[in-house]
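Read off the chains here:
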Amino acid sequence: MSTDFHAKSSTQDCRLIELERFGSLEGTLSVVENGAASPLGYDVSRVFYIFDTPAEASRGGHSHLMDYQTLVALSGSFDVLLDDGSGSEPRRVCLNRPNLGLLIPPGIWRTMENFSAGSVCMALAKNPYDEAEYVRDYDEFLRLTASKR
Ligand code: T46
């Protein structure tokens, strides 16, 4: 599996995406679809969501060799810490709106923390689940990103 992204991707490649809102007196609807109309730039093959997260928990703590993911706080809020391995201070992004997505390309070490009560994190992933494309060891991540320092 290619490790190219770890040598290239930067926290500045992580993009905030405003999803269109269709509002009415009855509430608001946002949509993500595949194909030319996708706001993400990739087709989604997997959706997962994280809930019942205690406020003091830290989740994530890994990077991906291949997968692109867009995180959305469907309910409540949480922070995402983004580290590209360059040695710069990690970028912190607060997700707190259900129509705001954070697109994270491969090669970025992400950690989620500061979960509000009742928060729900939805992830729209480009690829099917494959544990072999996770980098879960930070020393291994530093080795893969050594060219950036
Ligand atoms: C990420 C952050 C934002 C599956 O069996 N299938 C899946 O599609 C996923 C995502 C996970 N799992 C299993 C693997 C573990 O045994 O669920 C368990 C928990 O996964 P993990 O420890 O990776 O959870 P997080 O919250 O640390 O990370 C997850 C995603 O795995 C990851 O890609 O970027 O959410």
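What counts as what
Residues numbered from 1 in each chain as written. Predicted model: local features only at pLDDT ≥ 70, side-chain atom pairs only at ≥ 80, totals over all residues. Heavy atoms only, no water. Helix = DSSP H or I, 4+ residues; strand = E, 2+ residues; numbered from the N terminus. Rg over C-alpha atoms; globule rule 2.2 N^0.38 Å. Buried < 20%, exposed > 50% of the residue type's maximum accessible area, 1.4 Å probe, protein only. Lys, Arg positive; Asp, Glu negative; His and termini not counted. Charge placed at Lys NZ, Arg CZ, Asp CG, Glu CD. Phe/Tyr/Trp six-rings, centres within 6.5 Å; stacked < 30°, edge-to-face > 60°. Near = heavy atom within 4 Å. Polar contact = N/O pair within 3.5 Å; in protein donor to acceptor, adjacent residues only side chain to side chain. Areas by Shrake-Rupley, 256 points an atom, 1.4 Å probe, with all protein chains shown as cover.

1. Looking at the overall build of the chain
Right, on to step 1. A tally of helices and strands in the chain yields two helices and 12 strands.
Right, on to step 2. When the elements of the chain are put in sequence order from the N terminus, they spell out α-β-β-β-β-β-β-β-β-β-β-β-β-α.
Right, on to step 3. For 149 residues, the compact-globule estimate of 2.2 N^0.38 gives 15 Å, and the chain sits close to it at 15 Å.
Right, on to step 4. Counting only C-alpha atoms and orienting by the principal axes, one finds that the chain spans roughly 55 × 40 × 25 Å.
Right, on to step 5. Within the chain, the proportion of its 149 residues that are buried is 41%.
Right, on to step 6. In the chain, which carries 14 positive and 21 negative side-chain charges, the distance between the mean positions of the two groups comes to 3 Å.

2. Considerations on the packing of aromatic side chains
Right, on to step 1. Taken as a whole and judged by the stated rule, the model has eight aromatic pairs.
Right, on to step 2. By way of ring pairs, the aromatic residues F5, Y42 and Y68 are connected into one cluster.

3. Side note on the site of the ligand
Right, on to step 1. Near the ligand, the surroundings consist of 14 residues, among which R46, R59, H64, Q69 and Y134 are the closest.
Right, on to step 2. H62 is positioned such that a nitrogen or oxygen atom in its side chain is 3.2 Å from an oxygen atom of the ligand.
Right, on to step 3. Protein contacts shield 67% of the accessible area of the ligand, which totals 650 Å² for the unbound molecule.
Right, on to step 4. Breaking the shell around the ligand down by element, the ones donating at least two residues are β4 (46–50), β5 (59–64), β6 (69–75) and β10 (109–113).
Right, on to step 5. Considering each element in turn, the shell around the ligand owes the most residues, four residues, to β5.

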